[in-house]
Amino acid sequence: MAKIPFITKEKIEEIVKTYPTPFHIYDEKGIRENARKVYKAFSWNKGFREYFAVKATPNPYILQILKEEGCGTDCATKVELMMAKACRFENPYIFFSSNVTPAEEYAYAKEINAIINFDDITHLKYFEENVGEFPETVCCRFNTGGVFKISNSIMDNPQEAKYGFTRDQLTEGFRYLKSKGVKHFGIHAFLASNTQTNEYYPELAKILFKTAVELKEETGADIRFINLSGGVGINYLPEGEQNDILAIGEGVRKVYEEILVPAEMGDIALYTEMGRFMLAPYGHLVATAIHEKHTYKEYIGLDACAANLMRPAIYGAYHHITVAGKEDAPCTCKYDVTGGLCENSDKFAVDRMLPKIDIGDRIIIHDTGAHGFSMGYQYNGKLRSAELLLCEDGSVKMIRRAETPKDYFATFDFTHIFDGIDQ
Ligand SMILES: *Cc1c(COP(=O)(O)O)cnc(C)c1O
């Protein structure tokens, strides 16, 4: 019961007078406080910077808030780079961590002076042939192979991941880049996703710091930064612990002092590329209960569906649900809470104990601030919702309007069918 919404029923009723459900809403205050905590956790590292993973919540207003808190952006595609550029992020505040990258996207990244993080050794020649000279500073992504374990529990399986250079390729790649005039280097790795332990970053840091020391010895490369990437998770369940970013920062500091400082590499800047940890808890999907159905099970049907939030449908992910105004009511009813897609996987919750839900109740789905709206789609002609911002002063701002049928049809060349149709 530890999940408390950042918005009340009264506030929702006020909002829906202007913006109908469903919508995603973000909590500016929560985002800022968390970002400041992240910077505090790594304040011991002089060059520390969080490059927010744009794919998690690609909205210029969100990027602007993070920018004001000192963050940069981590982009994976040209369109994400264009958004960062449009939001006036400049070098060194744009990181480009892509894979299977088209030449045109590398060219654009170079043009706007993003820090390019190469995913593969073959991309080096590809870049030279299709784009030209390397920038002065280049990063390479490391894949350790094997399984990634923390105290004997398997976190993830890098061996099976498509990303990154092997260890030997890193040495070869650094030598090659050096021979081509690259002056400064970075190393990056992402070995596990949504981790639920304060040990993930310290363990990853240990691997990357040792690798940095070796690469410097082997190639003489001037390593300026190490990017711990994303993967710091949040606990979607109402019970249990949340990751403690201050403890995580402290854990990384210990490893830094053990490995990098003695190697006279104590001036290396640390970067992170968190998405989920920066935003997930500070977003809610707010919907309305529009149907109840009593068949072999009890169903509550919402005006939101998996097109607004895919995680439950594709990963069976748990998202906590609060019935607005019934926060303290006993959870006496067992429901499947569903959307209206013609897909039986379109369920926000299965066999969930909740207070008795009445038609018209506002349903708050928690932790949708990252990989929520952004993974949405238009299956079944369900249109994307609006995104709203609950500002620090309590006011609400629309930061993306809801789609209309016209948006859905915009990629066809028959807009004339709308002549005379009231939209
Ligand atoms: C997705 C991604 C991130 C962010 O991951 P989170 O789990 O949201 O922290 C960071 N870096 C890269 C390269 C990614 O692909």
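What you see is a predicted model; the values in this text were computed from it and never measured.

Chemist: Even after reading the chapter, I still don't get the pattern of salt bridges, so can you show me in this structure?
Modeler: Side chains that differ in sign of charge can pair as their charged atoms come close. Considering all chains together, one arrives at 29 salt bridges under this definition. Between K3 and D367 there is a salt bridge; the shortest N-O distance is 2.7 Å. Highlighted residues: K3 in the segment before α1 (9–16) and D367 in the loop between β17 (362–365) and β18 (386–390), separated in sequence by 364 residues. Residue K3 shares its accessibility class with D367, and that shared class is buried. A single network of salt bridges, built from pairs that share partners, joins E28, R32, R36, E68, E69 and E392.

Chemist: Sorry if this is basic, but what is going on with the site of the ligand here?
Modeler: Residues in contact with the ligand amount to 14 residues; listed here are only the nearest, K55, E273, G275, R276 and H371. Taking E273, its side chain carries an N or O atom lying 2.7 Å from a nitrogen atom of the ligand. Take G275: an N or O atom from its main chain is 3.0 Å from an oxygen atom of the ligand. Protein contacts shield 90% of the accessible area of the ligand, which totals 390 Å² for the unbound molecule. Within the shell around the ligand, the residues separate by chemical class into three nonpolar, six polar and five charged.

Chemist: Would you explain the packing of helix α2 (residues 28–41) against helix α3 (residues 60–68) in this entry?
Modeler: Pairs of packed helices are described in terms of their axes, by the angle between the two and the distance that separates them. Running from N to C, α2 and α3 point in directions that differ by 35 degrees, and their axes come no closer than 10 Å. Crossing geometry of α2 relative to α3 is assigned as right-handed. Taken together, the residues of α3 that come into contact with α2 (itself represented by E28, I31, R32 and A35) are I62, I65, L66 and E68. When the residues that make up the contact of α2 with α3 are grouped by side-chain class, the tally is five nonpolar, no polar and three charged.

Chemist: Can you walk me through the packing of helix α4 (residues 78–86) against helix α5 (residues 103–111) in this structure?
Modeler: One way to put it is that α4 packs onto α5 with a least axis distance of 9 Å and a crossing angle of 20 degrees. Classified by the interaxial angle, the pair formed by α4 and α5 is roughly parallel. Here α4 runs over α5; the crossing is left-handed. For the pair α4 and α5, the contacting residues are K78, L81, M82 and K85 in the first and E104, E105, Y108 and A109 in the second. Counted by class, the contact of α4 with α5 contains four nonpolar, no polar and four charged residues.

Chemist: Explain helix α7 (residues 167–179) to me, please; I cannot follow it from the model alone.
Modeler: Think of an α-helix as 3.6 residues a turn; residues three or four steps apart then line up on the same face. Along its 13 residues, α7 runs 19 Å from first to last C-alpha, staying within 8% of the 18 Å computed at 1.5 Å per residue. All buried positions along α7 are accounted for by L170, T171, G173, F174 and L177. Summarising the axial view, the buried residues of α7 lie within an arc of 165 degrees, below the 170-degree limit, and thus occupy one face. Away from the buried face of α7 by more than 90 degrees, exposed residues D168, E172 and S179 are located. Along its buried surface, α7 packs onto α6 (122–130), β6 (137–141), β9 (184–188), α8 (200–219) and β10 (222–227).

Chemist: How should the sheet that holds strand β5 (residues 115–118) be read in this particular structure?
Modeler: Sheet strands pair via backbone hydrogen bonds, and the direction of the pair is either parallel or antiparallel. Spatially, eight strands are ordered β2-β3-β4-β5-β6-β9-β10-β11 in a closed barrel, and the strand pairing comes out parallel. Strand after strand, the sheet turns through a mean of 25 degrees between neighbouring axes, direction not considered. As defined by bridge partners, strand β2 (residues 49–53) adjoins strand β3 (residues 72–75) across three bridges and the pair is classed as parallel. From the neighbouring strand, Y51 faces β3, where its bridge partner is G72. Against the sheet, α8 makes contact with β9, β10 and β11 (269–272), and its axis sits at roughly 165 degrees relative to β10, the strand it touches most.

Chemist: What exactly am I supposed to notice about the nonpolar core here?
Modeler: In summary, soluble globular proteins display a tendency toward joint burial of nonpolar side chains. With 86 residues, the main nonpolar core has Y201, F209 and I223 as its most contacted residues. Element by element, the count of residues in this core is highest for α8, at nine residues. Split by domain, the residues of this core number at least three in each of domain 1 (28–276) and domain 2 (281–409). What F209 contacts, discounting residues up to four positions off in sequence, is I226, V252, V255, Y256, I259, L260 and L270. Residues A289, I321, Y335 and I357 belong to the second largest nonpolar core, which totals 18 residues.

Chemist: Looking at this structure, how should I read the state of the cysteines?
Modeler: Should the sulfur atoms of two cysteines be covalently bonded, the bond is a disulfide. Applying the stated criterion across every chain, the model contains zero disulfides. A disulfide-free cysteine, C87 has its sulfur positioned 9.5 Å from the sulfur of C75, the nearest such atom. The cysteine C331 is free of any disulfide, with C333 supplying the nearest cysteine sulfur at 9.0 Å.

Chemist: Would you mind going over α4 with me for this structure?
Modeler: Among all positions in α4, only E80, L81 and A84 are buried. On an axial view of α4, the arc spanned by its buried residues comes to 100 degrees, and they lie on one face. Summarising the geometry of α4, the exposed residues directed more than 90 degrees from the buried face are V79 and A86. Where α4 is buried, its residues meet β3, β4 (94–97) and α5.

So, how was this worked out
Residues numbered from 1 in each chain as written. Predicted model: local features only at pLDDT ≥ 70, side-chain atom pairs only at ≥ 80, totals over all residues. Heavy atoms only, no water. Salt bridge = Lys/Arg side-chain N within 4 Å of Asp/Glu carboxyl O. Helix = DSSP H or I, 4+ residues; strand = E, 2+ residues; numbered from the N terminus. Buried < 20%, exposed > 50% of the residue type's maximum accessible area, 1.4 Å probe, protein only. Near = heavy atom within 4 Å. Polar contact = N/O pair within 3.5 Å; in protein donor to acceptor, adjacent residues only side chain to side chain. Areas by Shrake-Rupley, 256 points an atom, 1.4 Å probe, with all protein chains shown as cover. Nonpolar A, V, L, I, M, F, W, Y, C, P; charged D, E, K, R; others polar. Axes fitted to C-alpha atoms, helices over the stretch in contact; angles between N-to-C directions. Left-handed = near helix turned anticlockwise from the far one by under 90°. Contact = heavy atoms within 4.5 Å. Parallel < 35°, antiparallel > 145°, perpendicular 65-115°, else oblique. Expected span 1.5 Å × (residues − 1). Arc of directions from axis to C-beta. Pairing = 2+ DSSP bridges. Core = buried A, V, L, I, M, F, W, Y, C linked by side-chain atoms within 4.5 Å. Domains from an automatic or database assignment. Disulfide = S-S within 2.5 Å.

Coordinates in, geometry out; function isn't part of it.
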